[in-house]
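Descriptive structure summary
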Amino acid sequence: FLAPGAAIVALSAGQDTGNFAHVYVNGVDVARNQRGYNLVAVGGNGNVLDSAVFDTFASPDESRRMSEWLKQWPSGTIIAGAVGDEASMNLGQDAIDALATVGVTTDLRNRFRWGHAFVGAIDGSSASGAIEQASLVAPAAAAVGSPVDGDLVYGGVRSIQIEPSRNTK
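Presented here is a report on the structure given in the accompanying data block. Computed from a prediction, not measured in an experiment: that's the story for all the values here.

To continue, consider the pattern of salt bridges. Across all of its chains, the model carries five salt bridges by this definition. A salt bridge links Glu-68 to Arg-64, with the shortest nitrogen-to-oxygen separation between them at 3.2 Å. With Glu-68 and Arg-64 both in helix α1 (residues 60-71) and four residues apart, this pair spans about one turn of that helix. On the accessibility criterion, Glu-68 (46% relative accessible area) is partly exposed.

Before going further, it helps to spend a moment on the environment of Leu-11. In this fold, Leu-11 is placed in strand β1 (residues 8-14). A relative accessible area of 27% means that Leu-11 is categorised as partly exposed. Considering only alpha carbons, one finds Leu-11 and Gly-81, 70 residues apart in sequence, at a separation of 8.3 Å. Residue contacts for Leu-11: discarding those within four places in its chain leaves Phe-20, Ala-21, His-22, Tyr-24, Ala-82, Ala-117, Ala-140 and Ala-141.

In terms of nonpolar packing, the biggest core is built from 23 residues, with Tyr-37, Leu-39, Met-66, Trp-69, Leu-70 and Ile-79 touching the most fellow members. For this core, the secondary structure elements donating two or more residues are β4 (36-42), β5 (48-54), α1, β6 (78-85) and α2 (93-100). Residue contributions to this core peak at four residues, all from α2. Leu-2, Val-42, Ala-80 and Ala-82 belong to the second-largest nonpolar core, a separate cluster that totals 18 residues.

Further remarks concern α1. Between its first and last C-alpha, α1 extends 17 Å over 12 residues, near the 16 Å set by a 1.5 Å rise per residue. Looking only at α1, the buried set comprises Glu-62, Ser-63, Met-66, Ser-67, Trp-69 and Leu-70. Down the axis of α1, the smallest arc covering the buried residues is 165°, so these residues share one side. The outward face of α1, more than 90 degrees from its buried face, is lined by the exposed residues Pro-60 and Lys-71.

With their axes 8 Å apart at the nearest point, α1 and α2 run at an angle of 25° to one another. The orientation of α1 with respect to α2, classified from their angle, is roughly parallel. Handedness of the crossing formed by α1 with α2: left-handed. Residues Ser-63, Arg-64, Met-66, Ser-67 and Leu-70 of α1 lie in contact with α2, whose contacting residues are Asp-94, Ala-95, Ala-98 and Leu-99.

Topologically, Ser-135 is positioned in strand β8 (residues 131-135). Note on Ser-135: relative accessible area 13%, which makes it buried. One polar contact links the side chain of Ser-135 to the main-chain amide nitrogen of Ala-138, over a distance of 3.1 Å. If near-sequence neighbours (up to four positions away) are discounted, Ser-135 is found in contact with Trp-114, Gly-115 and Ala-140.

Relative to the helices and strands, Thr-77 is located in the loop between α1 and β6. At a separation of 2.8 Å, a polar atom in the side chain of Thr-77 contacts the main-chain carbonyl oxygen of Pro-74. Excluding anything up to four places from it in sequence, Thr-77 contacts Ala-41, Val-42, Leu-49, Gly-120, Ala-121 and Ile-122.

Here is what the cut-offs are and how they apply
Residues numbered from 1 in each chain as written. Predicted model: local features only at pLDDT ≥ 70, side-chain atom pairs only at ≥ 80, totals over all residues. Heavy atoms only, no water. Salt bridge = Lys/Arg side-chain N within 4 Å of Asp/Glu carboxyl O. Helix = DSSP H or I, 4+ residues; strand = E, 2+ residues; numbered from the N terminus. Buried < 20%, exposed > 50% of the residue type's maximum accessible area, 1.4 Å probe, protein only. Contact = heavy atoms within 4.5 Å. Core = buried A, V, L, I, M, F, W, Y, C linked by side-chain atoms within 4.5 Å. Expected span 1.5 Å × (residues − 1). Arc of directions from axis to C-beta. Axes fitted to C-alpha atoms, helices over the stretch in contact; angles between N-to-C directions. Parallel < 35°, antiparallel > 145°, perpendicular 65-115°, else oblique. Left-handed = near helix turned anticlockwise from the far one by under 90°. Polar contact = N/O pair within 3.5 Å; in protein donor to acceptor, adjacent residues only side chain to side chain.

Now the structure itself:
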């Protein structure tokens, strides 16, 4: 869902594990790095459409505002998010339901000062899953399209299929 060559990395940490919220789009941090949900809307070609922060610790109105912000984007819009410090205190069902349209399954309610990072796409349902991570004891990270930037690259192989040779010499 992201153009070749584009990359999005979301990094999040609660107060006790670093207290930050970063969203890098093509190497540039476009998040506001403030308390609560730091969200970024990205077009399929990797262009930043908007960046916003919703302090769902401070007020239940922020949960409603976040829900409305998420609902404005058309299908296919990429949404990346990172929680800074704390976001659970006044997080409402409206925001949880709106995050589900991006494929986010983590519910931070009753998870005080957890980090939560995700990258997903608006599809009008929770059918497609976001890439996400949440943690109380370590920073959380999620990435899509990250370029390889080292001399050595390691990776896993999902499957190998071996077929009989069709050579009939």
